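# Examining the three-dimensional arrangement
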Amino acid sequence: MNTDTMALQASYNDRFNSFEPLLSTSEAAVLLNLHPVTLLRWAREGKLPHLRLGRKVMFRASELDAWCTAGYAIQKQRVN
């Protein structure tokens, strides 16, 4: 292998290893302590970040965490 091919392979490996697995609706519901139907309704209404893969709705844990953090900050500001 030449150095260009090795560099390309290393770059590919870095991107592949940093790929975040997607959560199913049931996995995300457990993570957020919500009923799966509520989670799907909020996704359909655009209230929380999600991805559609055909008919499937999938979630990234990092986006759900950011969504929870932002939501908590908004609620905290309203109370004060």
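In the block above lies the structure referred to throughout.
Throughout what follows, the structure given in this document is the object of discussion. Once a new chain begins, its residue numbering starts again from 1 and follows that chain's sequence as written. Reporting in this predicted model follows two pLDDT cut-offs: at least 70 for local features of residues, and 80 or more for side-chain atom pairs to be given and counted; totals over whole chains, interfaces and linings ignore these cut-offs and use all residues. Just so you know, side-chain values use all the structure's heavy atoms and leave hydrogens and water out.

## Topic: the packing of helix 2 (residues 25–32) against helix 3 (residues 36–44)
Quick note on the threshold: Interaxial angle, 0 to 180 degrees, is taken between N-to-C directions of lines fitted to C-alpha atoms, where a helix line uses only the stretch in contact. Here a strand is any run of E in DSSP of at least two residues, a helix any run of H or I of at least four, and the numbering for each starts at the N terminus. An angle below 35 degrees is read as roughly parallel, one above 145 as roughly antiparallel, one from 65 to 115 as roughly perpendicular, and any other as oblique. In what follows, a contact means two residues having at least one pair of non-hydrogen atoms within 4.5 Å. In this count, Pro and Cys sit with the nonpolar residues alongside Ala, Val, Leu, Ile, Met, Phe, Trp and Tyr, while Asp, Glu, Lys and Arg are called charged and the others, Gly among them, polar.
Where helix 2 meets helix 3, the closest approach of the two axes is 9 Å, and the angle between their N-to-C directions is 100 degrees. By the angle class used here, helix 2 and helix 3 are roughly perpendicular. Side by side, helix 2 and helix 3 meet where Thr 25, Ala 28, Ala 29 and Leu 32 of the first sit next to Pro 36, Leu 39 and Leu 40 of the second. Looking at the contact of helix 2 with helix 3 residue by residue, the class counts come to six nonpolar, one polar and no charged.

## Quick notes on the environment of Trp 67
Here is the rule: For every residue, the accessible area obtained with a 1.4 Å probe (protein chains only) is divided by the maximum for its type, and the residue is called buried under 20%, exposed over 50%, and partly exposed between those limits. In protein, a polar contact requires one atom able to donate a hydrogen and another able to accept it; more generally it is a pair of N or O atoms within 3.5 Å, and residues adjacent in sequence count only if both atoms are side-chain atoms.
Within the fold, Trp 67 resides in helix 4 (residues 61–79). On the basis of relative accessibility, which here comes to 29%, the residue Trp 67 falls in the partly exposed class. In this structure the C-alpha to C-alpha distance between Trp 67 and Leu 48, which are 19 residues apart in sequence, comes to 6.9 Å. Non-local contacts of Trp 67, meaning those with residues more than four positions away in its chain, are made with Trp 42, Lys 47, Leu 48 and Pro 49. Engagement of the side chain of Trp 67 in a polar contact is seen with the backbone oxygen of Lys 47, the distance being 2.7 Å.

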